[in-house]
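# Summary of the model geometry
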Amino acid sequence: MYSNNLCLIWKLKIILRVVTHMSSAMAPVKPSGTAGPKEVELILVKEQNGVQFTSSALVSPSGQTHPSGEERETWGKKIDFLLSVIGFAVDLANVWRFPYLCYKNGGGAFLVPYLFFMVIAGMPLFYMELALGQYNREGAAGVWKICPIFKGVGFTVILISLYVGFYYNVIIAWALFYLFSSFSGELPWIHCNNTWNSPNCSDLNSTLLNDTYKTTPALERGVLHLHESSGIDDLGLPRWQLTSCLAVVIVVLYFSLWKGVKTSGKVVWITATMPYVVLTVLLLRGITLPGAIDGIKAYLSVDFLRLCDAQVWIEAATQICFSLGVGFGVLIAFSSYNKFSNNCYRNNTESCSLWFVMLCMMLRCWVFVFCLSPGPGLVFIIYPEAIATLPGSSVWAVIFFIMLLTLGIDSAMGGMESVITGLTDEFKFLHKHRELFTLFIVVFTFLISLICVTNGGIYVFTLLDHFAAGTSILFGVLIEAIGISWFYGVDRFSDDIQEMIGQRPGLYWRLCWKFVSPCFLLFMVVVSFATFNPPKYGSYYFPAWATMLGWCLSISSMIMVPLYAFYKFCSLPGSFCDKLAYAITPETEHHLVERGEVRQFTVRSHHTSSHHTAKQTRLQQFNG
C-alpha cells in the first residue's frame, strides 16, 4: 500500500504541565507526589500527501517522585532487579532442607504437591507483592496507605526480617570460618588430631566410620565448641574466631547496602550467579564418583503412595511459603524501586521461569548430595565430610564454601533491605540519612548475633530459627492477602495493575487472590498451630521458659497487626462509622469520607427529630 511512499515515524513527547487552582468547595488538593508533568506520545506518519496522525497515548512520567518530595531511586538495569529477587529466594535452606524433604517424602512424588501449591498460592502471592510494591513505590509498611488499618502487617514483616537477620548472618559467618579453614594442605575435619576432638572421634578414612560408638570430627566441637556448654542457660562468651567472621559479614553487607539498590544491584551479579556455576561443577564431579548411579537411582525413585500421607502435603505447602520469599517484605521493597510503568506481570513470569531454572539447579545439587550420602544434607556436617573424600579436597572445599557465602549474602541483603526500605519510607526523616541508618541496623544486628557465636550459641540459633519466621510469617501473608483482596478489593487492585502495564490480570490471578490463596494460608496457619512441636537440638530439649521466650518472639511480630489497628482506629476523628470509613479507605481518598462518600461505603447523617439533633450515621453500599 505504501510502496510509493516514504514513511517516517516520529515520536513527539509534549510535556503538559497542569496547574490546578482548587478551592475546598470544588475539589480537594491532591497529596504531594501525585501531581506532576504528564507526557503525551504522538506517533506521526509522514506520507507523500501529507502528515497523518496515527495514534496518541498518555505515557507515565519517566521519573517517579518519592513521597518525601525527592526523586525515588530506581534499579540501574532490569536484570539487577531480577537477580536480586532470585538471589533472595534461592538461599541456604534450598541446599539442605529441600533435598531432605524430597528424599523423605517419596522422592520425585514430593514435587507433585509442591508444584501444585506453587501454582495456586506461591505464584499469585509473588505477583501480588511485586505489583503492590511497584504501584505504591513504598516499603512494606508504607504501601498500606491503600488501607491504613492494615499497616500493622507491614511492621510485622519488617520485624520478621529483622529477627531472621539475627541468626541468618551467623550461618554466613560459619561458612566464612570453613572457607578460611579450607586454605590448608589438609582439611582440619578429616583427622582426629585436633585439640577439640572427642575421645570417640574416628578419622573419616577409618573403617570405624560405621561403628555407632565412634563419631567423625564434627561441627559442634570444632567450630561451635558446644561441648563447653551444658545448655541454653550456659552460653559463655562469644568465640573470637566466629566473632571476627561475623564482623566481616556485617562489613560486606553494609557496603553492599549503604547506597541503596544502585550498589546492591551490582553485587548480585556475583552472588546470585556464582551458586549455579559451582553446583554445575559439583554435579559433574559427583556423577563421576563410585556408586553415583546407585545414589541417583535411590534419589529419583518415586513413591506415589506417600501422596496419601497428609504430612507430605503439609510439608510441601510450608516449603512453598519460603521458596519464593513472600511475606518478608523483600519483594515489596525490591519492586518499589522499579519504574512505575515497568511490566510487573512480565517480571513475575520471568522470575518464576528463573525459579524453575533454580529448581533444576537444585535437582543437580540433590544429585550431588545423594551421590555421596543420603540424609538431611546438613551443610556443615555431611557436605564437608563428603568433600573431604574427594581428591584435591581443599580446592573443592574452597569452591563449595564460596558458593555458600554467595547464597547467604544476597539473601541477607534482601532481608536487610526490607527493614531499611520499610522504615525509611515510613519515617521520612530517615530517608535523608540512609547511610547512617543502614550502619545502625547492621551494627544492631551484629550485637544481637553475638549471642549465637558463644559456646552455647547454637541453642539460641535453634530457638530463633524455630520461632522467628514460622507461624508468624504465614500469619503475616494471610493478613496481607485479606487486606488486598477483601478490603482494598481485587477489582481495585486489578485497576492499579492495568494503570501500570496496560492490561488487567486474568481470571486465574483474581480468583487466586480472592479465594484460593487466603484459604490456603488460613489452612497453613491453623496447621502450624495444631502441629507445633517444642524445639530441640539433637538430644537436647529446651526448658519450658525457653519455649515461652520463643513464643513471645513470634507473638511480638504478629501482635503488631491488632495493636496498630487499635491505635489507628482510636486516632481517627469522628464517630465509629467515620473512623471505620477512614480506616479502610485509601489515604488519597480521605476527602471522600469528609464529603460523606467512600469508595466502598457512603456515610450519611441526618436529624431524627425537630426537637433534638441526635446524629445517626449509617453505611450503605456505594455504587458510584
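Residues numbered from 1 in each chain as written. Predicted model: local features only at pLDDT ≥ 70, side-chain atom pairs only at ≥ 80, totals over all residues. Heavy atoms only, no water.

Our working definition: UniProt positions are given in the numbering used here, feature names are shortened, and annotations may be inferred rather than shown by experiment.
The name recorded for the protein chain in an unreviewed UniProt entry is Transporter, from Cyprinus carpio. Entered under Subcellular location (unreviewed entry) in the UniProt record, the comment concerning the protein chain runs "Membrane". Looking at the protein chain in UniProt, the text filed under Sequence similarities (unreviewed entry) is "Belongs to the sodium:neurotransmitter symporter (SNF) (TC 2.A.22) family."

## Some thoughts on the pattern of salt bridges
We apply this condition: For this analysis, a salt bridge means a side-chain nitrogen from Lys or Arg found within 4 Å of a carboxyl oxygen belonging to Asp or Glu. Each residue is assigned to one of three classes by its accessible area relative to the maximum for its type, calculated with a 1.4 Å probe on protein chains only: buried under 20%, partly exposed between the two thresholds, exposed over 50%. Numbering goes from the N terminus for both helices and strands, where a helix is a DSSP run of H or I of at least four residues and a strand is a run of E of at least two.
This structure, assessed with the given rule, holds twelve salt bridges. Measuring nitrogen to oxygen at the nearest pair gives 3.1 Å for the salt bridge that ties Arg306 to Asp309. Residue Asp309 is classed as partly exposed on the basis of its relative accessible area of 29%. Of the charged contacts, one joins Asp491 and Arg504 as a salt bridge, the two residues approaching to 3.9 Å between their closest N and O atoms. Here Asp491 is found in helix α18 (residues 471-501), whereas its partner Arg504 is found in the loop between α18 and α19 (507-530), with 13 residues between them in sequence. Relative accessible area serves as the criterion here: at 33%, Arg504 is assigned to the partly exposed category. Several salt bridges converge on common partners, so that one network encompasses Asp491, Asp495 and Arg504.

## Looking at the UniProt feature "binding site: Na(+)" (unreviewed entry) in the protein chain
Here is the rule we go by: Any residue with an atom within 4 Å of a point lines the site, the site being either a cavity, points on a 1 Å grid over the protein atoms alone where a 1.4 Å probe fits but cannot get out, or a pocket, an open set with protein on both sides within 12 Å along at least 5 of 7 lines. It only takes one pair of heavy atoms within 4.5 Å for two residues to be counted as in contact.
UniProt marks Gly87, Ala89, Val90, Asn94, Ser323, Leu407, Asp410 and Ser411 with the feature "binding site: Na(+)" (unreviewed entry), using the numbering shown here. Considering only the residues just annotated, the second largest cavity is lined by Asp410. Within the secondary structure layout, Ala89 lies in helix α1 (residues 78-89). In this structure Ala89 touches Asn94, Ser323 and Leu324, once residues within four positions along its chain are discounted. Within the secondary structure, Leu407 sits in helix α14 (residues 393-426). When residues no more than four places from it in sequence are discounted, the contact partners of Leu407 are Val90, Asp91, Leu92, Val95, Tyr168, Thr271 and Pro275.

## Looking at the packing of aromatic side chains
Under the convention used in this document: A pair of Phe, Tyr and Trp rings is counted when the ring centres sit within 6.5 Å of each other, with Trp represented by its six-membered ring. The angle between the planes then sorts it: under 30 degrees is stacked, over 60 is edge-to-face, the rest tilted. For a Lys NZ or an Arg CZ to count as sitting over a ring, it must be within 6 Å of the ring centre and within 35 degrees of the ring normal.
If you walk through the whole model with that rule in mind, you get 41 aromatic pairs. Of note, Arg72 hangs over the ring of Tyr337, and the distance from its end group to the ring centre comes to 4.5 Å. The ring of Trp486 carries Lys514 above its face, with NZ or CZ at 4.0 Å from the centroid.

## Let's talk about the side chain of Thr406
Locating Thr406 in the fold gives a position in helix α14. Relative accessible area serves as the criterion here: at 9%, Thr406 is assigned to the buried category. When near neighbours in sequence (up to four residues on either side) are disregarded, Thr406 contacts Thr271, Met274 and Pro275.

## Some words on the confidence of the model for the protein chain
When pLDDT drops low, the exact placement of atoms in the prediction is not to be read closely. The cut-off we apply is this: Known as pLDDT, the predictor's confidence for each residue is given on a scale from 0 to 100.
Per-residue confidence for the protein chain gives a mean pLDDT of 79, with 76% of residues at or over 70. The low-confidence segment residues 1-63 (pLDDT under 50) makes 74 contacts with residues lying over four places distant or belonging to another chain. Note on residues 602-624: pLDDT is under 50 here. Beyond four places in sequence and across chains, it has 40 contacts.

## A short note on a nonpolar patch on the surface
As a reminder, the rule being used: Nonpolar side chains (Val, Leu, Ile, Met, Phe, Trp, Tyr) within 5 Å and like charges within 9 Å form the patches, drawn only from residues with over 30% relative accessible area and no salt bridge. Surface accessibility follows the Shrake-Rupley procedure with a 1.4 Å probe radius. Residue values consider only the protein chains on display as shielding.
On the surface, a nonpolar cluster with roughly 460 Å² of combined accessible area is contributed by Trp486, Leu507, Leu511, Phe515 and Val516. Among the elements that take part in the nonpolar patch, α19 stands out by supplying four residues, more than any other. Within the secondary structure, Leu511 is located in helix α19.

## Quick look at the environment of Leu592
On the secondary structure map, Leu592 appears in helix α23 (residues 590-594). Exposure remark for Leu592: the relative accessible area of 18% places this residue in the buried category. The sequence separation of Leu592 and Ala581 amounts to eleven residues, and the corresponding C-alpha distance is 9.6 Å.

## Digging into the nonpolar core
Quick note on the threshold: Take the buried Ala, Val, Leu, Ile, Met, Phe, Trp, Tyr and Cys residues and link them wherever side-chain atoms come within 4.5 Å; each set so joined is a nonpolar core.
Counting residues in hydrophobic clusters, the biggest one holds 166 residues, and the most contacted among them are Trp174, Phe380, Phe400, Phe401, Leu404 and Phe493. Among the elements that make up this core, the one with the highest residue count is helix α4 (residues 151-182) (21 residues).

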